[in-house]
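Architecture and fold: a report
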Amino acid sequence: MKTIFKSATVLVAAMTLSVNAFAQETKKPASPAMTATGKIKDANITIAYSSPSVKDRKIWGNLVAYDQVWRAGANEATTFETDKDITVQGKKLPAGKYSFFLIPKESGTWTAIFNKEAKQWGAYKYEQAKDALRVDVKTKALPAKQEALVYKINKNGFTVDWDKISVPVEIK
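In what follows, the accompanying structure is described. Position labels on residues start from 1 in each chain and follow its written sequence. Local features are withheld for residues below a pLDDT of 70 in this predicted model, meaning they are given only at 70 or higher, and side-chain atom pairs are given and counted only at 80 or more; totals for whole chains, interfaces and linings count all residues. Note that water and hydrogens are dropped before the side-chain values are worked out from all heavy atoms of the structure.

Below, the discussion takes up the pattern of salt bridges. Pairing between side chains becomes possible if they bear opposite charge and their charged atoms approach one another. Each salt bridge in this description consists of a side-chain nitrogen of Lys or Arg and a carboxyl oxygen of Asp or Glu lying within 4 Å of one another. Scanning the model with the defined rule gives 7 salt bridges in all. Close ionic contact of Glu127 with Lys130 constitutes a salt bridge, the shortest N to O distance being 3.6 Å. Three exposure classes are used, based on accessible area relative to the maximum for each residue type with a 1.4 Å probe and protein chains only: buried under 20%, partly exposed in between, and exposed over 50%. Classification of Glu127 by relative accessible area gives partly exposed; the value is 40%. For Glu147, the salt bridge goes to Lys145, with nearest N and O atoms at 3.6 Å. By relative accessible area, which is 34% here, Glu147 ends up partly exposed. Relative accessible area serves as the criterion here: at 43%, Lys145 is assigned to the partly exposed category. One salt-bridge network, in which partners are shared between bridges, spans Glu117, Glu127 and Lys130.

Dropping the structure here:
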């Protein structure tokens, strides 16, 4: 009788662990990790980011503050990698891996930042002294709301699209 009871207890415990593990594996993260890759001229570009969703929230000026450095995604800072020297908004950026930040503005141009400290959590330990490049970018209104933040690489550079705003960054 004790053997049957022990066997039943072990079976129930194993089933509970399996169900919990399956539930954790199938649960989608709130801001899933994404990667955008592409080629601009001769340079291979990789942008790694976490993609938050709007979820009926006010994004600009609320969830993402104006006039403050923002990690341009969720979780870890977004990274931007190029295997060749490139020109961003007319300014040179050497080949390498960088963290990518934005400073959103309520009106006027935003600031795009390529920081030499590629691996960092959010923008909490961001240091301006480690910036490799800062450039001004003009935002554009999107024709429809973009629910999940997305980076898109095209022949002219890349865009960051989220909510009702697109941030195009020119690369040559």
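Tracing the backbone through its elements, the reader meets Asn75 in the loop between strand E2 (43–50) and strand E3 (78–82). Using a relative accessible area of 29% as the deciding quantity, one classes Asn75 as partly exposed. Separated by 44 residues in the primary sequence, Asn75 and Ser31 have C-alpha atoms spaced 7.8 Å apart. Contact definition: two residues touch when any of their heavy atoms are within 4.5 Å. Apart from the residues lying within four places of it in its own chain, the contact partners of Asn75 are Ser31, Ser50, Trp121 and Gly122. Polar contact is the term for a pair of N or O atoms within 3.5 Å; when the atoms are in protein, one must be able to donate a hydrogen and the other to accept it, and sequence-neighboring residues count only if both atoms are side-chain atoms. A distance of 3.4 Å separates polar atoms of two side chains, one belonging to Asn75 and the other to Ser50. A run of H or I in DSSP becomes a helix once it reaches four residues, and a run of E becomes a strand once it reaches two; helices and strands are each numbered from the N terminus.

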